[in-house]
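Listed below, chain by chain, are the residues.
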Amino acid sequence: MAKRVGMEVALAVAEAVGQCNIDMAAVYPITPQSHIGEHLSDLVADGKIDAEFVTVESEHSAISAIIGASGTGARVYTATSSQGLMLMHEILPIASAMRLPLVMGIANRAVSGPLNILNDHSDIMPQRDSGWISIFVENGQEAIDVSIQAFKIAEHKDVNLPVCVNIDGFQLTHMVEPVEFPDQELVDKFLPPRVPFASLHPSNPVTMGAFAMSDYFTEILKAKDEALKNSKKTILAVWDEWAKMFGRTYKPVETYKADGAEILLLTMGSMGETAEIAIDELRAKGMAVGLVKLRLWRPFPFAEIKEVLKKAKKVLVTDRAVSFGGPGGPVCGEIKAALYNEAERPAIYSYIIGLGGRDVTVGDFTSMIDKVNREEVNTDTYEFLGVRE
Amino acid sequence: MIEVRWHGRGGQGAVTSVELLAQAAIGVGKYAQGFPSFGPERRGAPVAAFSRIDEKRIKVRSGIYKPDVVVVLDSSLIGLVNVTDGLKPDGILIVNTTKAPADVKKELNFSGTVATVDATAIARKELGVPIANTTMIGALIKMIKVMELDSLKETVEHRFGRIAQKNLAAMKRAYEEIKISN
Amino acid sequence: MTKKSGPAGWQEITTGCVVLRSGSASEYHTGTWRSQRPVWNDQKCIKCGICYIFCPEGCVSQTEDGYFKANLDYCKGCGICAHECWPRAIAMVEEG
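Residues numbered from 1 in each chain as written. Chains lettered and ligands numbered in written order. Predicted model: local features only at pLDDT ≥ 70, side-chain atom pairs only at ≥ 80, totals over all residues.

Chemist: Can you tell me about the domain arrangement of chain A, naming the residues and giving the values?
Modeler: Residues and elements named next belong to chain A. As assigned here, chain A comprises domain 1 (4-246) and domain 2 (253-384). Spacing between the C-alpha centres of domain 1 and domain 2 amounts to 28 Å. Contact residues are listed per partner, giving 27 residues for domain 1 and 20 residues for domain 2. Elements that contribute at least two residues to the side of domain 1 that touches domain 2 include exactly strand 6 (133-136), strand 7 (163-168) and helix 8 (214-246). Here the side of domain 1 that touches domain 2 takes five residues from helix 8, the largest share from any one element. Here the side of domain 1 that touches domain 2 is built from residues that sort into 11 nonpolar, 10 polar and six charged. (Domains from an automatic or database assignment. Contact = placed C-beta atoms within 7 Å. Helix = DSSP H or I, 4+ residues; strand = E, 2+ residues; numbered from the N terminus. Nonpolar A, V, L, I, M, F, W, Y, C, P; charged D, E, K, R; others polar.)

Chemist: I'd like to hear about the nonpolar core, residue by residue, with values.
Modeler: With 177 residues, the main nonpolar core has Val-13, Val-163 and Leu-316 of chain A as its most contacted residues. Tallying contributions element by element places helix 1 (residues 14-27) of chain B first for this core, with nine residues. No fewer than three residues from each of domain 1 (4-246) and domain 2 (253-384) of chain A sit in this core. Val-163 of chain A has contacts with Val-103, Trp-132, Ile-133, Ile-135, Ala-150, Ile-153 and Ala-154 of chain A, leaving out every residue within four places of it along the chain. Counting 13 residues, the second largest nonpolar core, distinct from the first, contains Val-60, Phe-68, Ala-89 and Ile-90 of chain C. (Core = buried A, V, L, I, M, F, W, Y, C linked by C-beta atoms within 7 Å. Buried ≥ 20, exposed ≤ 12 C-beta atoms within 10 Å, placed from the backbone.)

Chemist: Run through the interface of chain A and chain B, naming residues and quoting values.
Modeler: Contacts between the two partners involve 24 residues from chain A, matched on the other side by 20 residues from chain B. At the level of elements, strand 1 (4-8), strand 8 (176-180) and helix 9 (272-284) of chain A are the ones that each hand at least two residues to the side of chain A that touches chain B. For the side of chain A that touches chain B, the class distribution of residues is 11 nonpolar, seven polar and six charged.

Chemist: Could you give me a rundown of the sheet that holds strand 2 (residues 24-26) of chain A, with the residues and numbers involved?
Modeler: Residues and elements named next belong to chain A. A sheet is described by the order of its strands in space; here seven strands give the open sequence 3-2-4-5-7-6-12, paired in mixed fashion. The two strands at the open ends of the sheet, each matched to only one other strand, are strand 3 (52-54) and strand 12 (296-298). The mean angle between the axes of side-by-side strands here comes to 20°, regardless of whether they run parallel or antiparallel. Relative to strand 4 (residues 76-80), strand 2 is paired through two bridges, and the arrangement is parallel. Paired with Ala-25 across the strands is Tyr-77, a residue of strand 4. Against the sheet, helix 2 (residues 34-45) engages strand 2, strand 3, strand 4 and strand 5 (103-108), with an angle of about 140° to strand 3. (Pairing = 2+ DSSP bridges. Axes fitted to C-alpha atoms, helices over the stretch in contact; angles between N-to-C directions.)

Chemist: So what about the pairing of strand 2 (residues 31-36) of chain B? Which residues, and what values?
Modeler: All names here are of chain B. Most of strand 2 is tucked away, with five of its six residues classed as buried. When strand 2 meets strand 3 (residues 46-54), the two strands line up antiparallel, connected through six bridges. Among the inter-strand pairings, Pro-36 is bridged to a residue of strand 3, identified as Ala-49.

Chemist: Can you tell me about the sheet that holds strand 9 (residues 253-256) of chain A, naming the residues and giving the values?
Modeler: All names here are of chain A. In spatial order, the strands read 9-11-10-13-14-15; together these six strands make up an open sheet with mixed pairing. With partners counted over all chains shown, the strands left at the sheet margins are strand 9 and strand 15 (382-384), one partner each. The average undirected angle you get between the axes of adjacent strands in this sheet is 25°. Taken together, the four bridges between strand 10 (residues 263-267) and strand 13 (residues 314-319) define a ladder with parallel strand orientation. For Ile-263, the partnering residue across the bridge sits in strand 13 and is Lys-314.

Next up, the structure:
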């Protein structure tokens, strides 16, 4: 059994990536991601892992460099945050269209403006439709596990898609907490070397990223969409294998005391465990409440989310980003869409919480649930938690 | 669960302290968190860092607003920062100062336990630098008794290498020399 | 004009739309776009190779005796070679 150690989560993520036999990484520093890139660079410089670490001049170059390297068949990694992710934006859909397996750690941080370096999900949300597999983690151990799983998912012959691992900035990246690393031998067994479906090599030239006009564009995008939807099978299989090998289970939608709950709270990311305490407190008072934690953001787990939510009377969806002028938070929009065709569906309440690092306490969760319980908030609008009037 | 808030100035090593404490606690089989006050790091500016230690897995990830213990690495912060803010009335305040604990207790009008130690003098003597962050871990361990001082040995050796023994000596002295006023 | 051939439905598209066969672009004869063609006057040509360097299609090549010619399967008739040729050895002549 692996030993439990205390380590800052960002460093632990770099260590975990270092266990994955990567060939190349390109990372540009940005708070709160920087400790991942710095530590990975240390691991390479100290000769602890045999990989190229390319110091690039921007995030746009970082993602472009790993796309090129992935095209040659290499196992590649990058990590970024906020404005860095925004700068990568134009390249993200190209990576997925080219069906190149990449793994990217995102230390989720608010997007400017105003300039803010703290945690929310406004950086990943604009990337939602770029065709990447997008997974959220809620603690350091999950950050390690999913960072390793991500390579296996991305490189699987039925997937060949980029994967991003969403790790809440500061709340996770800057936390020293207990984690355990899987044994290297087991990681090697779990994660065999990449077998690319095609690679750039002078002895066997191929064309990647070719031009396509209206006569083929729709078919190519349809193929990409099917690939992303189909990737869920592989994700589930990889999580199953992980559970068997390492004893920790992962599901697209996790639940906590959701059985028989009339009100379900839904969170995504690092606030899940804090929310569990709120559920415990309210259950102790006799309230039929439960928690749903959305782990898999893309491909969106429609079947699983419907199964969990449809029996509840009320669902309180929390979002860590704003879809300005839209129907509520981006997560809430998806939840509503998922349930629209159900004959019996719960009332859905939308709360925007924890923007730009604003703390959300156990008491905040209990008071939100309380307001929903007493119907002091409406289903046809969305609330900004704690906003000063 | 014990929650600790550390006050220091940017560069005085409050973050290192919470990291070492968490690592040592985890090393002896406990559960712990160590984290900075999130945000930009500015040398000399007042900063805070936080520790949580428990026997069972810690779920909460929100901030610490009602700490059981406050550690002040630099007494010049008193008056500049409200160091007893939210500190439980029966909590513990540990200050790096030459003053007697009774004087600090009176000055801050704090109802709980106050402990003082001249950690800067100890650090200057043992480490050759007036940086009291590791020294104050010794003072904290004396007051909260969550683990033996020896439990820090492996963590400190891993972190400081050849100057580890000096840090351990400074911690031991603070552990022994701390003065307490209930 | 060369007839393009490729997969009909989305299922037949290669992963990542990768073109696995090398040199397939040469099957596309861009020479059908041409309305004028370059004609070299070897009396004026000084064999400097400017036309070869500037041709955006890469279809200008040097002959064994050192003069230049265009592969008309690919020459689009853009006239850049004629424009750049400072001894004015290349004339653009109407096709047809």
